[in-house]
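# Structural characterization, general
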Amino acid sequence: MSIPIRPGCIPAVAVFAAIALGSATAVANHDGAMLMEHGEGAHGGHAAAPAPHAMGTMPDDDAAHGMHSGDAMRAMGNAAPNVHELHMATSQRVLAHNATIYALMAALGVERDRHLTLLRQARDEFQQIQDGLRHGDAAAGLPGISHPEILAAMDNVERVWTRYRTVVDQIVERSHVSVQHVTALTLADPPLHEALAKMSDAVEYYSYQGRGFSVLLPTVRHAEHLNTVLQQLVADYLLVAYRHDSGRDDRSLLERRDEFDRLLKALMEGDPDLRVLAAPTPEIMEQFARVQLTWQECWDAIARVPADHAADPASIAAVREQVERLSEEVGAVVDLYHFL
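My aim in this report is to walk through the structure given alongside it, one point at a time. (Residues numbered from 1 in each chain as written. Predicted model: local features only at pLDDT ≥ 70, side-chain atom pairs only at ≥ 80, totals over all residues. Heavy atoms only, no water.)

### Concerning the overall build of the chain
Helix and strand counts for the chain stand at 10 helices and 0 strands. Ordering the α and β elements of the chain from the N terminus gives α-α-α-α-α-α-α-α-α-α. Out of the 340 residues belonging to the chain, those deemed buried represent 53%. Excluding contacts between residues fewer than 6 apart, the proportion of contacts in the chain whose partners are at least 24 apart in sequence is 80%. Accessible surface, the chain: about 14600 Å² in total, of which carbon and sulfur atoms supply 53%. (Helix = DSSP H or I, 4+ residues; strand = E, 2+ residues; numbered from the N terminus. Buried < 20%, exposed > 50% of the residue type's maximum accessible area, 1.4 Å probe, protein only. Contact = heavy atoms within 4.5 Å. Areas by Shrake-Rupley, 256 points an atom, 1.4 Å probe, with all protein chains shown as cover.)

### A few points about the packing of aromatic side chains
For the structure on display, the rule yields 6 aromatic pairs. Within the aromatic cluster, the residues linked to one another by ring pairs are Phe126, Trp161 and Tyr164. (Phe/Tyr/Trp six-rings, centres within 6.5 Å; stacked < 30°, edge-to-face > 60°.)

### A closer look at the environment of Val276
Looking at where Val276 falls in the secondary structure, it is placed in the loop between helix H8 (251-269) and helix H9 (282-303). With 10 residues separating them along the chain, Val276 and Ala266 place their C-alpha atoms 6.7 Å apart. Aside from chain neighbours lying at most four places away, what touches Val276 is Thr219, His222, Ala266, Leu267, Gly270 and Asp271.

### A few points about the packing of helix H4 (residues 112-135) against helix H5 (residues 148-174)
Angle between the axes and distance between the axes: these two values describe a pair of packed helices. Interaxial distance between H4 and H5 falls to 11 Å at its minimum, and their mutual angle equals 160 degrees. As summarised for this structure, H4 and H5 are arranged roughly antiparallel, according to the angle between their axes. As for the relative orientation of H4 and H5, their crossing is left-handed in sense. Counted together, Leu116, Leu119, Arg120, Arg123, Phe126, Gln127, Gln130, Leu133 and Arg134 of H4 and Leu151, Met154, Asp155, Val157, Glu158, Trp161, Arg165, Val168, Asp169, Ile171 and Val172 of H5 form the full contact between these two elements. (Axes fitted to C-alpha atoms, helices over the stretch in contact; angles between N-to-C directions. Parallel < 35°, antiparallel > 145°, perpendicular 65-115°, else oblique. Left-handed = near helix turned anticlockwise from the far one by under 90°.)

### Some thoughts on the side chain of Ser178
Residue placement: Ser178 occurs in the loop between H5 and helix H6 (179-206). Judged by relative accessible area, Ser178 falls into the buried class, the value being 0%. A distance of 3.3 Å separates the side chain of Ser178 from the side chain of Gln180, its partner in a polar contact. (Polar contact = N/O pair within 3.5 Å; in protein donor to acceptor, adjacent residues only side chain to side chain.)

### A word on the pattern of salt bridges
Under the counting rule described, the total for this entry stands at 13 salt bridges. For Asp169, the salt bridge identified is with Arg165, shortest N-O distance 3.4 Å. Taken together, the positions of Asp169 and Arg165, both in helix H5 and 4 residues apart, correspond to about one turn of that helix. Salt bridges sharing partners connect three or more residues here, namely Arg123, Asp124, Arg165 and Asp169. (Salt bridge = Lys/Arg side-chain N within 4 Å of Asp/Glu carboxyl O.)

### Brief notes about H6
For H6, which comprises 28 residues, the first-to-last C-alpha distance of 41 Å matches the rise-based estimate of 40 Å (1.5 Å per residue) to within 8%. In H6, a bend of some 30 degrees at Asp189 exceeds every other bend along the element, and Pro190, a proline, comes one to four places later. (Expected span 1.5 Å × (residues − 1). Bend = angle between axes of the 7 residues up to and from the residue.)

### A word on unusual backbone geometry
At Ser175, a residue that is not glycine, the phi angle is positive and equals roughly 50 degrees. In this structure, Ser175 sits in the loop between H5 and H6. In the Ramachandran plot, Arg275 falls in the positive-phi region, its phi being about 60 degrees despite a non-glycine side chain. Mapped onto the elements of the fold, Arg275 is located in the loop between H8 and H9. Owing to a relative accessible area of 39%, Arg275 belongs among the partly exposed residues under this scheme.

### Some remarks on the environment of Leu263
One can find Leu263 in helix H8. For Leu263, a relative accessible area of 7% puts it in the buried group. Note: C-alpha distance between Leu263 and Val229 (34 residues apart in sequence) is 9.6 Å. Ignoring any residue separated from it by four or fewer positions in sequence, one finds Leu263 in contact with His222, His225, Leu226, Val229 and Leu274.

### Observations concerning H5
Compared with an ideal rise of 1.5 Å per residue, which puts 27 residues at 39 Å, H5 spans 38 Å between its outermost C-alpha atoms and is within 8% of the ideal. The principal kink in H5, of about 30 degrees, is found at Trp161. Positive backbone phi, approximately 50 degrees, marks Ser175, located one or two places after H5.

### Section: the environment of Leu264
Its location among the elements puts Leu264 in helix H8. Assessed through its relative accessible area of 2%, Leu264 is described here as buried. Remark: the alpha-carbon pair of Leu264 and Phe288, spanning 24 residues in sequence, is separated by 7.7 Å. Dropping the residues within four chain positions of it, Leu264 is found in contact with Leu226, Phe288, Val291 and Gln292.

### Considering the packing of H5 against H6
Where H5 contacts H6, the two axes come as close as 8 Å, and the packing angle between them is 155 degrees. In terms of axis orientation, H5 runs roughly antiparallel to H6. In the packing of H5 onto H6, the handedness of the crossing is left-handed. A class-by-class count of the residues in the contact of H5 with H6 yields 21 nonpolar, 3 polar and 3 charged. (Nonpolar A, V, L, I, M, F, W, Y, C, P; charged D, E, K, R; others polar.)

What follows is the structure, encoded as structure tokens:
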């Protein structure tokens, strides 16, 4: 598999794939949990949902989920309720991608117990935010949604999320990621993200109840989408490492990189076609400059891995750390928009 990338860069796909044969084979030798049609478990039931945790109280790795303290969440909601609501709705796509990434990291044997814990946390946080968007959550700064078009979009998310969550519940319950689980997640992932995108669009469109339109909302949505693209990029790399789909090639990885570049440029300079404002304050422009620098470092960390070097779990974990650092910088930009 070859990939044309920037001068001086060598693709990391070969490195990720180097450990995949051993890891994927080891997983394939376990029967795991066979999934029935429509994502139901072998016994036809769903694992009981644990009680949701308080926002901002997760141990470790809060930045990976874009977490804030309860006070910070309430402050952002009070400062710009429409923008905050859109931010939380859009962040669900990042959480869903993170859940897939954590499952794949566990399947590849990279800090397995830690990533299973993070998978459980991402599942719980996703459910709590979805409930907060619908019913309200004062700790999360969410007033609750009553607009019928948004609720209809949320109902669709709930339908596809149930299928996805059934797989995650099985993984968490059994502390094991089987080949069948990976296949089920990759089948459930596209319709979930399509439904989440439509939900975000509905929140953006109806957030002012027809009383006008703010160009700030699509700007914030595109800023948040930077993290979505980043997590898509990581998930694609890990699926290549897992050798889940032999038909995958590297074009999608380049497309993700180019999409991130286009969005970042639009957010810094403005783009009327995307209805995106140029960075409106010096502080936001400065933070975007940090994002740009960290993004280049992140991509270089992936692309410069020697193709003849045998990767180990620590190598993949190092790339994830770079991604999480970049994700934090993007999150900092979105936070700044809340207080305009």
